Amino acid sequence: MREWDRMEWKQSKIPEWAIVSFLDKLEEEGILLHGFGMLEEGKLLAEGYWAPYQADTLHRMYSVGKSFVSLAIGLLQEEGKLALEDFVCQYFPDKCPENGAHRWLEGMTIKQMLTMTTCHSKTTYKQYDGDWVESFFRVEPSNLPGAVFSYDTSSTHVLSALVERLSGRKLMEYLRERCFDKIGVSKEAYFLPDPYGVSQGGSGLNCTLRDMLAVAELVMNEGVYKGEQLIPAEYIRQAVSCQVSTRHQTAYDEQFGYGYQIWRGRHDSFYFYGIGGQLAVCLPGEKFILVTMGNTLENKNGIKNIFDAFYDKIFPWIKEGSHFSEPKEREVGNCPELDVRLSGLTLTAKLLKTERTHMKAFLQGKFSWIGQRYEFNDNKLGISALRVACDREEGKGVLYLEKDRRESKLLFGMDTYLRQKFPWPEDWTQWMREYCKETECCCQGILESENELFLRCYILGPEMANVTIVISFVAQGITVKMQKGIDNGLKRFEGVASGTCKCAQ
């Protein structure tokens with residue numbers, strides 16, 4: 001695992017309490033981070049992980065992988081295996097229709113794919129039943145290439161396939177050989193494949209937070225690591241520059257332009273950006289990097305809140321010549337509170353006083369629905385029966401859920417989460433089951449009232465997801481509502497079903 005020298009607080013522009021304020025702001029906004037790190041002038045300033053996540057945890061980074069793909073393209077250009085003005089169709093004749101691709105596709109260059117100015121306005125493999133790469137060349141295009149920015153993950157996917165064709169290596173293997181091993185990217189980092197074996201460069205990156213930080217630092221240093229030029233500097237300069245306007249994007253932090261699979265940002269920054277809070281924000285002028293990983297999918301302003309907290313609480317200190325409103329005397333001295341906060345970060349939700357009262361009553365077995373079996377008719381969730389039990393000695397609850405004539409159990413803590421193997425591996429999409437079969441989850445239960453149990457299940461693994469289960473007990477009946485956090489194949493965890501207590505029949 002990559003290590004950095006630690007920045008001493010007396011040498012940093014940023015006081016420790018500013019980091020505490022940053023964390024406070026995120027907590028106030030309900031931002032679900034899993035980890036963060038800050039690098040100042042090449043030294044690690046601060047780093048924290050919300051248990052059960054740790055520094056060596058592989059995390060789905062989604063579209064951060066797009067920026068990694070861009071680096072691979074730059075390396076292939078250096079080797080003379082491609083030119084950015086090459087037409088992409090010439091590399092994939094086997095994927096094009098027999099009578100040739102649409103004329104707009106035939107005129108599309110690799111550079112246009114890097115800048116997301118393709119002739120597709122939507123991800124093509126989501127509109128096509130078959131080979132993901134082939135879809136790009138067979139789905140009807142919507143516009144001329146090179147015209148406008150349209151975010152398109154299938155474009156990156158084709159670039160991933162191009163890297164693998166020209167290098168004869170899997171995408172991550174090629175990057176390791178060329179530069180990632182040298183900068184300390186973990187041996188366990190990988191890209192998920194698509195159903196046809198091509199690395200999902202556009203959304204399938206799994207790596208540690210420190211891996212992302214190491215790559216971001218390499219890019220901010222224009223491809224140089226310990227005096228060695230690992231990636232051509234001129235390619236890096238072009239990749240992080242504004243190549244196309246994105247002013248039409250609805251999100252403020254997406255309006256500063258786009259380079260080669262890398263976003264431009266506020267204050268002359270650039271950043272890697274993955275859905276759900278995966279960020280590497282680089283400020284070359286200030287020699288500063290912020291990296292985050294998390295799951296903000298249930299918070300529509302999640303990414304914006306992360307940016308705002310950073311630029312409100314941290315950036316004023318690192319911007320040379322800026323002035324901050326906080327009392328200057330707070331700049332000096334240690335901040336024990338920061339050490340306490342970093343060591344105590346956890347996904348566990350804090351319980352309200354009434355919720356603690358209900359928790360105690362549950363663990364004492366005082367609710368009539370505890371242990372009762374509820375049966376269901378056919379429903380979207382696929383539930384045939386359900387019961388909730390409590391384990392007084394262990395201080396935990398158990399949800400027994402019967403699906404497809406098989407009963408599985410989900411353990412949940414009441415004032416903490418319980419970690420376990422995800423009990424329903426069959427609900428992943430078929431081609432993802434191999435990668436998710438050993439996926440773990442952690443679950444916490446909250447009793448919002450005497451008759452309503454709320455379960456939050458965080459899934460830890462290559463498919464980032466939250467599953468929430470609300471169980472409402474009314475008279476002799478029960479209603480279950482399930483929601484899932486991302487299109488991850490858990491289709492039977494989205495919907496509502498009602499059942500009846502067996503004892504009432």
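Predicted model only: the values in this text are computed from it and were never measured.

**Quick word on the overall build of the protein chain**
Turning to step 1, where the next piece is worked out: Looking only at helices and strands, the protein chain features 14 helices and 21 strands.
Turning to step 2, where the next piece is worked out: Overall, the protein chain is about 75 × 70 × 40 Å in size when its C-alpha atoms are taken along their principal axes.
Turning to step 3, where the next piece is worked out: Here the protein chain, with 505 residues, has 59% of them falling under the buried criterion.
Turning to step 4, where the next piece is worked out: Long-range pairs, those at least 24 residues apart, make up 61% of the contacts in the protein chain between residues at least 6 apart in sequence.
Turning to step 5, where the next piece is worked out: Taken as a whole, the protein chain presents about 21700 Å² of accessible surface, with 46% of it coming from carbon and sulfur.
Turning to step 6, where the next piece is worked out: Positive and negative side-chain charges of the protein chain, numbering 60 and 69 respectively, have mean locations separated by a distance of 3 Å.

**Quick notes on the packing of aromatic side chains**
Turning to step 1, where the next piece is worked out: Enumeration according to the criterion identifies 33 aromatic pairs in this entry.
Turning to step 2, where the next piece is worked out: Put simply, the rings of Phe149, Tyr151, Tyr258, Trp263, Tyr271, Tyr273, Phe288, Phe307, Phe310, Tyr311 and Phe315 touch in pairs and so form one group of aromatic residues.
Turning to step 3, where the next piece is worked out: Sitting over the face of the ring of tyrosine 400, arginine 387 holds its NZ or CZ atom 3.9 Å from the ring centroid.
Turning to step 4, where the next piece is worked out: Looking at lysine 403, its charged tip hangs above the ring of phenylalanine 493, at a distance of 3.8 Å from the centre.

**Remarks on helix H8 (residues 209-220)**
Turning to step 1, where the next piece is worked out: Spanning 12 residues, H8 covers 16 Å between terminal C-alpha atoms, matching the ideal 16 Å at 1.5 Å per step.
Turning to step 2, where the next piece is worked out: Burial analysis of H8 places 12 of its 12 residues in the buried class, which makes it a mostly covered element.
Turning to step 3, where the next piece is worked out: Within the span of H8, buried status applies to Leu209, Arg210, Asp211, Met212, Leu213, Ala214, Val215, Ala216, Glu217, Leu218, Val219 and Met220.
Turning to step 4, where the next piece is worked out: Positive backbone phi, at 55 degrees, marks glutamate 222, one or two positions downstream of H8.

**Considerations on the packing of helix H2 (residues 64-78) against helix H7 (residues 171-183)**
Turning to step 1, where the next piece is worked out: Remark: H2 packs on H7, axes separated minimally by 10 Å, with the N-to-C direction vectors making an angle of 65 degrees. For the element pair H2 and H7, the recorded crossing hand is left-handed. Taking contact as the criterion, the partners of Phe68, Val69, Ala72, Leu75, Leu76 and Glu78 in H2 are, on H7, Leu171, Tyr174, Leu175, Arg178, Cys179 and Phe180.
Turning to step 2, where the next piece is worked out: For the contact of H2 with H7, a count of residues per class yields 10 nonpolar, no polar and 2 charged.

**Notes on helix H6 (residues 153-167)**
Turning to step 1, where the next piece is worked out: Spanning 15 residues, H6 covers 21 Å between terminal C-alpha atoms, matching the ideal 21 Å at 1.5 Å per step.
Turning to step 2, where the next piece is worked out: The element H6 is extensively covered by neighbouring structure, given that 13 of its 15 residues are classed as buried.
Turning to step 3, where the next piece is worked out: Downstream of H6 by one or two residues, glycine 168 has phi in the positive range, about 70 degrees.

**Regarding unusual backbone geometry**
Turning to step 1, where the next piece is worked out: Here the bond from alanine 51 into proline 52 is cis, since omega is 15 degrees, no more than 30 degrees from zero.
Turning to step 2, where the next piece is worked out: Within the chain, glutamate 41 stands out as a residue other than glycine whose phi angle is a positive 50 degrees.
Turning to step 3, where the next piece is worked out: Along the chain, the position of glutamate 41 falls in the loop between strand S1 (33-40) and strand S2 (43-49).
Turning to step 4, where the next piece is worked out: The phi dihedral of aspartate 268 falls on the positive side, at around 60 degrees, and the residue is not glycine.
Turning to step 5, where the next piece is worked out: Looking at the secondary structure, you find aspartate 268 in the loop between strand S8 (263-265) and strand S9 (269-274).

**Overview of the sheet that holds strand S5 (residues 205-207)**
Turning to step 1, where the next piece is worked out: Taken in spatial order, the 3 strands of this open sheet run S3-S5-S4, and their pairing is antiparallel. For this open sheet the edge positions go to strand S3 (59-62) and strand S4 (190-191), each flanked by a neighbour on one side alone.

**A few points about the confidence of the model for the protein chain**
Turning to step 1, where the next piece is worked out: Here the protein chain averages 93 in pLDDT, while 96% of its residues score no lower than 70.
Turning to step 2, where the next piece is worked out: Here residues 327-333 is a poorly scored stretch, pLDDT under 50, and it has 7 contacts once near neighbours within four places are set aside; other chains count.

**Observations concerning the pairing of S1**
Turning to step 1, where the next piece is worked out: For S1, a buried count of 8 out of 8 residues is recorded, marking the element as mostly surrounded by other parts of the structure.
Turning to step 2, where the next piece is worked out: Both S1 and strand S11 (residues 288-294) contribute to a ladder of 7 bridges, which runs antiparallel. Bridge pairing in S11 links leucine 39 to isoleucine 289.
Turning to step 3, where the next piece is worked out: Pairing between S1 and S2: 6 bridges, direction antiparallel. Across the sheet, phenylalanine 36 pairs through a bridge with glycine 48, a residue of S2.

**Structural notes on the pattern of salt bridges**
Turning to step 1, where the next piece is worked out: Summed over all chains, the structure comprises 40 salt bridges.
Turning to step 2, where the next piece is worked out: With a shortest N-O distance of 3.2 Å, arginine 60 and glutamate 463 are connected by a salt bridge. Note that arginine 60 is positioned in strand S3 and glutamate 463 in the loop between strand S18 (452-460) and strand S19 (465-474), a separation of 403 residues in sequence.
Turning to step 3, where the next piece is worked out: Here glutamate 407 and arginine 387 are joined by a salt bridge, their closest N and O atoms 3.8 Å apart. Placement of glutamate 407 in strand S15 (residues 406-413) and of arginine 387 in strand S13 (residues 383-391) is noted, with a sequence separation of 20 residues between them.
Turning to step 4, where the next piece is worked out: Residue glutamate 407 is classed as partly exposed on the basis of its relative accessible area of 40%.
Turning to step 5, where the next piece is worked out: Classification of arginine 387 as partly exposed rests on a relative accessible area of 26%.

Conventions adopted
- Residues numbered from 1 in each chain as written.
- Predicted model: local features only at pLDDT ≥ 70, side-chain atom pairs only at ≥ 80, totals over all residues.
- Heavy atoms only, no water.
- Helix = DSSP H or I, 4+ residues; strand = E, 2+ residues; numbered from the N terminus.
- Buried < 20%, exposed > 50% of the residue type's maximum accessible area, 1.4 Å probe, protein only.
- Contact = heavy atoms within 4.5 Å.
- Areas by Shrake-Rupley, 256 points an atom, 1.4 Å probe, with all protein chains shown as cover.
- Lys, Arg positive; Asp, Glu negative; His and termini not counted.
- Charge placed at Lys NZ, Arg CZ, Asp CG, Glu CD.
- Phe/Tyr/Trp six-rings, centres within 6.5 Å; stacked < 30°, edge-to-face > 60°.
- Lys NZ or Arg CZ within 6 Å of the ring centre and 35° of its normal.
- Expected span 1.5 Å × (residues − 1).
- Axes fitted to C-alpha atoms, helices over the stretch in contact; angles between N-to-C directions.
- Left-handed = near helix turned anticlockwise from the far one by under 90°.
- Nonpolar A, V, L, I, M, F, W, Y, C, P; charged D, E, K, R; others polar.
- Pairing = 2+ DSSP bridges.
- pLDDT = per-residue confidence, 0-100.
- Salt bridge = Lys/Arg side-chain N within 4 Å of Asp/Glu carboxyl O.

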